[in-house]
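# Residue-level structural notes
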Amino acid sequence: MTPSARLAAAIDLLSEMEATPRRPADAVANAFFRERRYIGGGDRRAVSERVWAVLRHWRHIGWWLEQVGAPATPRTRLIAAMQLIPRPGEAPGALFSGDRYGPAPLTPAEQDLAARLRGQALADPGMPQAVRLEVPDWLLPRLGETFGSALEAEVSALAGEATLDLRVNLLKTTRQEAARLLAEEGIHAEETGLSPWGLRVPGRQPITATAAFKAGLVEIQDEGSQIVVAAADARPGMRVLDYCAGAAGKTLGMAMTMQNRGHIVACDVSEPRLEGAVRRLRRAGVHNAERHLLVPGDRWARRRAGSFDRVLVDAPCTGTGTWRRNPDARLRLTERDLEELTAKQADILSTAATLVRPGGRLIYATCSVLREENQDRIASFLAASPHFRRAGPEPDCGLPADLMHDGMIALSPLRHGTDGFFAAVLERVD
C-alpha cells in the first residue's frame, strides 16, 4: 500500500471505532483487517500505529480541535495528529492526495486547520489536568486517591508503551533454556526482575510464530499477572479453583507451580473463553485441570463449599491498570461502569469465599489501580467476613520479599514496570 492508501485505511478504521464506541478498539481492528485480507502485515502495523497514536492522545487532539473551532471527525483527528505528533517528511497536503486509493484532498477548512496547528506542541499549559493526563474528568479524583502526590507520574506511565513479557513453562523447560531457544530464533529476552519465571522481550516480536511458543515452552503473560500466580502459591497435591478463569492464563501458571499434581478447576461464565483455554492447556502439557461453565442457577458452587485449598478470583474490573495496552479503554469507561463492577466484585468475592476450606486461602486480584476495586473492596469484605484475615506470603512462593504489604500487592508501570495489578491474599481461619 502507498502511504496515502495507508492513511485512507486509518481513516476508515477510526470511523468504525467511533461508530461502535463501546466495543474495544482491538476487536474492531481485528474485524476490520479480517475483512480486508489484502492488507499485508507491514501495512496493518502502519495503519494500526497511526490509529493508536490518535487513541493514546485522544483528549489532547480533541482539545486542540476545540481551540481552533474544528469539528472532531476521523479526518480532522488524523490531520491534527500529523501536525501535533509529526513524522519526518510527512505533510497532510501530500498524503491527502485524492489518488485512487488515497483520501480526498484537504478542503479549505482542513487546510486552515493544518496551518493553525503546524508547529504547535501536543501538550499546552492551558490544558486542564484531566486532558493532559488523558483521563475522564470524573475519574481524576479517584486516581488522585490512589496515587497522591505521584498522580502525574503514575498516570503518565499508564499511557506509555506496554512491555512484552513471557512466562516460562517450568513443566517443560527452564528460564535459561527458553531464553537460549528464543535467541536461536533471533529474539533476545532478558530475565524479569520480579517474576521468577519471566522473560522480557524488547519491542513487538512475533512470539507466537516461534518454535518455543508452539511447543508450549513460553506463554505471553505480563509480569504483573505472573506475580498474581506467585501470590496464589498453588502447590503440588492441592485442590485449586480459578473462579474467573477466562482463557486460563493464570490457570496455566498455577498448574505449573503445582507441577501437574493435584487438581485445578477453571471456571468462567463465558463458554467461548473456556473453549479457547483447551488449546493453551494442551500446548502447555497441563494434565491436572478441568473446566466448568458457570450458568445462572448452577448449584456447582454449593456442592463444593469449603473444599478448595486455593481459590483465585481474578475479578472483572475497569482494567485501568492495562491502559498501556488498551488506551481506548479510558474513553469507554463511565462512572456507572465502575458502580456496576464494584457490585459484581462484591458478589463474586462473597460466593468464592464459601469455596475455601478452613486453613485455605482466597486470592482476590484485579488489573485495576482504583481503591474502590482493590483496597476498599477488601476492607468491605473483611468487615463482613470474620472467618477471613489477611495473610502474608510463604517464604518460598516466588514473591520478592518486599512486594507484599499487609497481605496486599499493588503494582504499577512506574514503580514496577508491569501493568497495574492488585492482589490480596486472605486466609480462612476456621
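Note that the structure is predicted; figures quoted are calculated from it, not measured.

## Considering the pattern of salt bridges
This structure, assessed with the given rule, holds 37 salt bridges. Measuring nitrogen to oxygen at the nearest pair gives 3.2 Å for the salt bridge that ties Arg200 to Glu223. Remark: Glu223 occurs in helix 13 (residues 223-232) and Arg200 occurs in strand 3 (residues 198-201); sequence separation between them is 23 residues. Judged by its relative accessible area of 24%, Arg200 falls in the partly exposed class. The exposure class of Glu223 is buried, given its relative accessible area of 2%. With a shortest N-O distance of 2.6 Å, Arg235 and Asp396 are connected by a salt bridge.

## Digging into the domain arrangement of the protein chain
What the domain assignment lists for the protein chain is domain 1 (3-127), domain 2 (164-220) and domain 3 (223-428). For domain 2 versus domain 3, the distance between C-alpha centres works out to 24 Å. Each partner contributes residues to the interface: domain 2 has 22 residues there, and domain 3 has 24 residues. For the pair domain 2 and domain 3, the summed buried area comes to about 1,800 Å², and 57% of that belongs to carbon and sulfur atoms. Here domain 2 and domain 3 share three salt bridges between them. Looking at the side of domain 2 that touches domain 3, the elements that each hand over two or more residues are strand 1 (164-168), strand 3, helix 12 (211-214) and strand 4 (218-220). For the side of domain 2 that touches domain 3, a count of residues per class yields 10 nonpolar, six polar and six charged.

## Section: helix 10 (residues 151-158)
Every buried residue of helix 10 is listed here: Leu151, Glu154, Val155, Ala157 and Leu158. When helix 10 is viewed along its axis, its buried side chains cluster within an angular range of 155 degrees and face the same direction. For helix 10, the elements touching its buried residues are helix 8 (129-132), helix 9 (140-147) and helix 20 (413-416).

## Brief notes about the UniProt feature "binding site: S-adenosyl-L-methionine" (unreviewed entry) in the protein chain
In this numbering, the UniProt entry assigns the feature "binding site: S-adenosyl-L-methionine" (unreviewed entry) to Asp268, Asp298 and Asp314. Take Asp268: it is sitting in strand 6 (residues 263-268). A relative accessible area of 5% means that Asp268 is categorised as buried. In this view, Asp268 contacts Tyr243, Cys244, Ala245, Gly246, Arg273, Leu274, His292, Leu293 and Leu294; residues no more than four positions away in its chain are not counted. As for its position among the elements, Asp298 is in the loop between strand 7 (289-293) and helix 16 (300-303). Residue classification places Asp298 among the partly exposed residues on the basis of a relative accessible area of 26%. Separated by 2.7 Å, the side chains of Asp298 and His292 make a polar contact.

## Some remarks on unusual backbone geometry
The phi dihedral of Glu134 is positive, around 60 degrees, even though this residue is not glycine. Structurally, Glu134 can be placed in the loop between helix 8 and helix 9. Using a relative accessible area of 5% as the deciding quantity, one classes Glu134 as buried. Positive phi outside glycine occurs at Gln259, with the angle close to 55 degrees. On the secondary structure map, Gln259 appears in the loop between helix 14 (249-257) and strand 6. Under the relative-accessibility criterion, Gln259 is labelled partly exposed at 46%.

## Thoughts on the UniProt feature "domain: SAM-dependent MTase RsmB/NOP-type" (unreviewed entry) in the protein chain
According to UniProt, the positions carrying the feature "domain: SAM-dependent MTase RsmB/NOP-type" (unreviewed entry) are residues 154-429. The span residues 154-429 is 34% helical and 22% strand by assignment, and the distance between its end C-alpha atoms comes to 36 Å.

## Comments concerning the environment of Ala352
Here Ala352 shows up in helix 18 (residues 335-353). Distance in space between the C-alpha atoms of Ala352 and Ala305 is 8.9 Å, their sequence separation being 47 residues. Once residues within four sequence positions are removed from consideration, Ala352 is found in contact with Tyr243, Val311, Val313 and Leu362.

## What about the environment of Met256?
By secondary structure assignment, the location of Met256 is in helix 14. When the C-alpha positions of Met256 and Ala70 are compared, they lie 55 Å apart, and in sequence the two are 186 residues distant. If we ignore the near neighbours within four places in the chain, the residues touching Met256 are Arg167, Val168, Asn169, Leu170, Leu171 and Trp197.

## Quick look at the environment of Leu95
Mapping Leu95 onto the fold places it in helix 6 (residues 92-95). With sequence-adjacent residues up to four places away left out, Leu95 is seen in contact with Pro3, Ser4, Leu7, Arg50, Met82, Glu90 and Pro103.

## Regarding the nonpolar core
Counting residues in each nonpolar core, the largest one holds 40 residues, and the members touching the most others are Leu13, Leu14, Met17, Val51 and Leu55. Sort the elements by how many residues they give to this core and helix 1 (residues 3-19) lands first, with seven residues. Among residues more than four places away in sequence, those in contact with Val51 are Ala10, Leu13, Leu14 and Met17.

## As for the sheet that holds strand 1
Pairing is antiparallel across the open sheet formed by four strands, whose spatial order is 2-3-1-4. A single partner strand is all that each edge strand has here, and the edge strands are strand 2 (190-191) and strand 4. Direction of pairing for strand 1 relative to strand 3: antiparallel, over a ladder of four bridges. Across the sheet, the residue bridging to Leu166 is Leu199, located in strand 3. Most of the contacts of helix 13 go to strand 1, to which it runs at about 30 degrees, and overall it touches strand 1 and strand 3.

## Description of the packing of aromatic side chains
Evaluated as defined, the whole model comprises five aromatic pairs. Judged by centre distance (5.3 Å) and plane angle (85 degrees), the rings of Phe32 and Phe33 are edge-to-face. Phe33 carries the same exposure label as Phe32, and that label is buried. Here the aromatic rings of Tyr364 and Phe422 are separated by 6.5 Å at their centres, their planes lie at 65 degrees, and the arrangement is edge-to-face. Linking Tyr364 in strand 9 (residues 356-366) with Phe422 in strand 12 (residues 421-428), this pair joins segments that are 58 residues apart in sequence. In this pair, the class of Tyr364 matches that of Phe422, namely buried. Seen from the ring of Phe32, Arg36 lies directly overhead, with NZ or CZ sitting 3.8 Å from the centre. Between Arg77 and the ring centre of Trp58, over which it is positioned, the NZ or CZ distance is 3.6 Å.

Procedures and definitions
Here the residue numbering is sequential within each chain, running from 1 through the sequence in written order. Local features in this predicted model are restricted to residues of pLDDT 70 or higher, and side-chain atom pairs are both shown and tallied only at a pLDDT of 80 or more, whereas totals for entire chains, interfaces and linings draw on every residue. Hydrogens and water molecules were not included; the side-chain quantities draw on all heavy atoms of the structure. Basic side-chain nitrogens of Lys or Arg form a salt bridge, by our definition, when they fall within 4 Å of a carboxyl oxygen of Asp or Glu. Elements are defined by DSSP. Helices are runs of H or I of four residues or more, strands are runs of E of two residues or more, and each kind is numbered from the N terminus. The cut-offs for exposure are 20% and 50% of the maximum accessible area for each residue type, with area from a 1.4 Å probe on protein chains only; residues under the lower value are buried, those over the upper are exposed, and the others partly exposed. In this entry, domain limits derive from an automatic or database-based domain assignment. The contact definition used throughout considers only heavy atoms, calling two residues in contact when any of these lie within 4.5 Å. The term buried area means the drop in 1.4 Å probe accessible area that two parts suffer when joined, counted for both and summed. Three classes are used, and their members are as follows: Ala, Val, Leu, Ile, Met, Phe, Trp, Tyr, Cys and Pro are nonpolar, Asp, Glu, Lys and Arg are charged, and the others, Gly among them, are polar. Working note: the arc is built from the helix axis to C-beta atom directions. UniProt positions are given in the numbering used here, feature names are shortened, and annotations may be inferred rather than shown by experiment. Under the rule applied, a polar contact is a pair of N or O atoms within 3.5 Å (in protein, one hydrogen donor and one hydrogen acceptor; residues adjacent in sequence only if both atoms are side-chain atoms). Here, nonpolar core refers to any group of buried Ala, Val, Leu, Ile, Met, Phe, Trp, Tyr and Cys residues whose side-chain atoms link them within 4.5 Å. Here a strand pair is declared whenever DSSP counts at least two bridges between the two strands. Angles run from 0 to 180 degrees between N-to-C directions of axes, and those axes are lines fitted to C-alpha atoms, restricted for helices to the stretch in contact. Between rings of Phe, Tyr and Trp, where Trp is taken as its six-membered ring, a pair exists when centres lie within 6.5 Å; planes separated by under 30 degrees are stacked, by over 60 edge-to-face, and by other angles tilted. Two conditions define a charge sitting above a ring: the NZ of Lys or the CZ of Arg must be within 6 Å of the ring centre, and it must be within 35 degrees of the ring normal.

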